[in-house]
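# Architecture and fold: a report
Now for the letters of each chain:
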Amino acid sequence: MKIDLTNTTSSKINAALMNARRAAGSTAAGMVLTLVIVTDEGSAYDALKAANDASREHPSRILAVIKRAGRSPRARAETRLDAEILVGSDAGSGETVILRMHGELASHAQSVVLPLLLPDAPVVVWWPENAPLNPGQDPLGAIAQRRITDAVTAESPVGQLAQRAASYTPGDTDLAWTRITGWRSMLAAALDQRPVKVIGAVVEGESYNPSVELLGLWLHNRLRVPVERVVTGGPGITAVRMRTKDGDIVLDRPDGLLGTLSMPGSPDRMVALKRRDTAELISEELRRLDPDDIYANAVRTPVERLKERPAGEPDTGAVAAAAAAPARVTAKVPADEAPVDAAPAPAPAAEAPAEPAKAASGKSAAARTATAKKDSGAKKPAARKNAAPRKRSGA
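Residues take numbers from 1 onward in each chain, read along the sequence in its written order. Since the coordinates come from a predicted model, pLDDT governs what is reported: local features require at least 70, and pairs of side-chain atoms require 80 or more to be given and counted, while whole-chain, interface and lining totals use all residues. Excluded from the side-chain calculation are hydrogens and water; included are all heavy atoms of the structure.

## Some details on a nonpolar patch on the surface
Which entries qualify depends on this criterion: In this analysis, a patch consists of residues with relative accessible area above 30% that form no salt bridge, clustered at 9 Å for like charges and at 5 Å for the nonpolar side chains Val, Leu, Ile, Met, Phe, Trp and Tyr. Here the accessible surface of atoms and residues is derived via Shrake-Rupley with a 1.4 Å probe, and residues count as covered only by protein chains that are part of the display. The salt bridge definition used is simple: a Lys or Arg side-chain nitrogen within 4 Å of an Asp or Glu carboxyl oxygen. Numbering goes from the N terminus for both helices and strands, where a helix is a DSSP run of H or I of at least four residues and a strand is a run of E of at least two.
Taken together, the side chains of Leu257, Leu258 and Met270 present a nonpolar region at the surface, about 310 Å² in accessible area. Residue position: Leu257 is located in the loop between β12 (247-252) and β13 (258-262).

Right, here's the structure in full:
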């Protein structure tokens, strides 16, 4: 059911909602929260579609606030409220009200939204784009228990994280943080299965992606280890490597659909790490309405803590870890400490004839001539006889 109201008021909208509910044969609301979407005409369709899909898990009253202040002075001076009410199959599992505020009324959106909130139900405000600098102090954000932003839509997504850290209020969250829930779950599960000490980490992903930065900040904050940031072609996050003394724990997802978890001493496993759409992200955020302390600690960690390394540069940390591994030590053993079964020195027979001449160097010429004549008849046995004492004397 669709109802259009032009130049209306909040009380008329409430009355139209009650009449539509009675006409549908449902006197009870049956909704668990109010979701306020602050958007513009360009993003309204996608945002409402995602909210309607999420309402099948969380039945809610969706209030889409579209501000149309006007370009000319006459349009800005005009004050008018137009509403579009969707009930039934057109509104998912709840009710949808699209509020178009013209003129000066756009600056006082909270006065229109307050009478339309569900009684005794939590309120969530979502800015798909153009979020305020301080959501907690925004007039609409102040009436909500949870405030959802999306740093990806900002002109400088990574710089937006610093703004979110400076203006953080308990109840704030960002969809860039929600996108890494699967990565955080898999990495935490990997360390639970193999409790080893992590000495470093590398996060690989496309540039200007705040989710990559948040994942690196989360690893740095929870593991207290240096984290490197490597820029790749994406999509999104492509790989995470946690260095240990036994080897690297690697979670790799090159195609954005399926990931591979590699752990030392274990076979590789395929894990589901599909990039989720906005409806799934909103559904996850609506499951818990309490403050997210882990997000607060991660976003408040300065991005400068991450060491950025270009994709083509070699991983010096991995090279150093490989060089320090006991299985790859290449130190040479001194000759006098060589084991018994070491290979003998080359050509021992060639050195044997030279030893008698060196030993007889202190004798007279006649004695050397006599010795030579004496040895001429049994040259080979003498060489073996003289070589044996020499070998024993050097041992």
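Moving on, there is more to tell.
## Points about the sheet that holds strand β8 (residues 172-174)
What counts here: Strands are labelled as partners when DSSP assigns at least two bridges between them. Note on definitions: angles span 0 to 180 degrees between N-to-C directions of axes, and those axes are lines fitted to C-alpha atoms, for helices only across the stretch in contact. Contacts were defined at the residue level, with two residues in contact if any of their heavy atoms lie within 4.5 Å.
Taken in spatial order, the 8 strands make up an open sheet running β1-β4-β5-β3-β2-β6-β7-β8, and their pairing is mixed. Only two strands of the sheet have a single partner each, and these edge strands are β1 (2-5) and β8. Strand-to-strand, the axes of this sheet are offset by a mean angle of 15 degrees, without reference to chain direction. Judged from the 4 bridges that link them, β1 and strand β4 (residues 80-87) form a sheet pairing that is antiparallel. Within β4, the residue paired with Lys2 across the bridge is Leu86. Along the sheet face, helix α2 (residues 41-54) touches β2 (33-39), β3 (60-68), β5 (95-102) and β6 (123-126) and points at about 175 degrees away from the line of β3.

## Some points on the pairing of β6
Where we set the bar: Note on classification: 1.4 Å probe, protein chains only; a residue is buried when its accessible area is under 20% of the maximum for its type, exposed when over 50%, partly exposed between these limits.
Judged by which residues are buried, β6 turns out to be covered on both faces: Val123 and Val125 on one side and Val124 and Trp126 on the other are all buried. For β2 and β6, the ladder comprises 4 bridges, and the chain directions are parallel. Residue pairing for β6: Leu35 is matched across the bridge by Val124. Looking at chain direction, β6 and strand β7 (residues 146-149) are connected through 3 bridges and run parallel. Its bridge partner being in β7, Val124 is matched across the sheet by Arg146.

## A look at the packing of aromatic side chains
Heads up, the rule is: The criterion for an aromatic pair is that two Phe, Tyr or Trp rings (for Trp, the six-membered ring) have centres within 6.5 Å, with stacked assigned to planes under 30 degrees apart, edge-to-face to planes over 60 apart and tilted to the rest. Definition used: whenever NZ (Lys) or CZ (Arg) falls within 6 Å of the ring centre and also within 35 degrees of the ring normal, the charge is taken to sit over that ring.
Applying the stated criterion across every chain yields a total of 2 aromatic pairs. Counting every residue linked through ring pairs, the aromatic cluster contains Tyr168, Trp177 and Tyr295. One cation-aromatic arrangement involves Arg184 over Trp218; the distance from NZ or CZ to the ring centre is 5.9 Å.

## Here we look at the nonpolar core
Our working rule: Definition of nonpolar core: a set of buried residues of the types Ala, Val, Leu, Ile, Met, Phe, Trp, Tyr and Cys, connected through side-chain atoms within 4.5 Å.
The biggest cluster of nonpolar side chains holds 35 residues, and the ones touching the most others in it are Leu187, Leu215, Leu219, Val240 and Met242. The element that contributes the greatest number of residues to this core is helix α8 (residues 210-223), accounting for 6 residues. Among the nonpolar cores identified, the runner-up in size contains 27 residues, and Leu81, Leu99, Val112 and Val125 belong to it.

## Things to note about the packing of helix α5 (residues 157-166) against α8
As a reminder of what qualifies: Note that the term roughly parallel is reserved for angles under 35 degrees, roughly antiparallel for angles over 145, roughly perpendicular for angles of 65 to 115, and oblique for everything else. For this classification, Asp, Glu, Lys and Arg are treated as charged, while Ala, Val, Leu, Ile, Met, Phe, Trp, Tyr, Cys and Pro are nonpolar and the rest, including Gly, are polar.
Viewed as axis vectors pointing N to C, α5 and α8 meet at an angle of 50 degrees, and their least axial separation amounts to 8 Å. Comparing the axis directions of α5 and α8 gives the class oblique. For the pair formed by α5 and α8, the contact residues are Pro157, Val158 and Leu161 on the first element and Pro210, Glu213 and Leu214 on the second. When its residues are assigned to classes, the contact of α5 with α8 shows 5 nonpolar, no polar and 1 charged.

## A closer look at helix α1 (residues 10-23)
The α-helix winds at 3.6 residues per turn, so residues separated by three or four positions along the chain end up facing the same way. In plain terms, the rule: In this scheme, a helix's expected span is set at 1.5 Å multiplied by one less than its residue total. Note: the arc covers the axis-to-C-beta directions of the helix.
The end-to-end C-alpha distance of α1 is 20 Å, a good match for the 20 Å that 14 residues give at a rise of 1.5 Å each. Looking only at α1, the buried set comprises Ser10, Ile13, Ala16, Leu17, Ala20 and Arg21. Seen along its axis, α1 keeps its buried residues to an arc of 135 degrees; they face one direction. Of the residues in α1, the exposed ones pointing more than 90 degrees away from the buried face are Ser11, Arg22 and Ala23. Buried residues along α1 sit against β1, β3, β4, β5 and α4 (109-113).

## Here we look at the pattern of salt bridges
Proximity of charged atoms lets side chains of opposite charge pair with each other. Summed over the entire model, instances satisfying the criterion amount to 18 salt bridges. Glu57 is the partner of Arg287 in a salt bridge, and the nearest nitrogen-oxygen pair spans 2.9 Å. With Arg287 in the loop between α9 (278-285) and α10 (293-299) and Glu57 in the loop between α2 and β3, this pair connects stretches of sequence that are 230 residues apart. Residue classification places Arg287 among the exposed positions, given a relative accessible area of 52%.

## A word on the side chain of Ser283
With respect to the helices, strands and loops of the structure, Ser283 is situated in helix α9. By relative accessible area, Ser283 is classed as buried at 7%. Once residues lying within four places of it in the same chain are set aside, the contact partners of Ser283 are Ala54, Glu57 and His58.

## Concerning the pairing of β7
What counts here: Handedness of a crossover: with both strands directed away from the viewer, a clockwise path from the first strand across the helix to the second marks it as right-handed.
Here β7 shows a buried face lined by Arg146 and Ile148 and a second buried face lined by Arg147 and Thr149. Of the strand pairs in this sheet, β7 and β8 are connected by 3 bridges, and their pairing is parallel. The partner of Ile148 across the bridge, within β8, is Thr173. Where the polypeptide runs from β7 across α5 and back to β8, its parallel neighbour, the crossover connection is right-handed.

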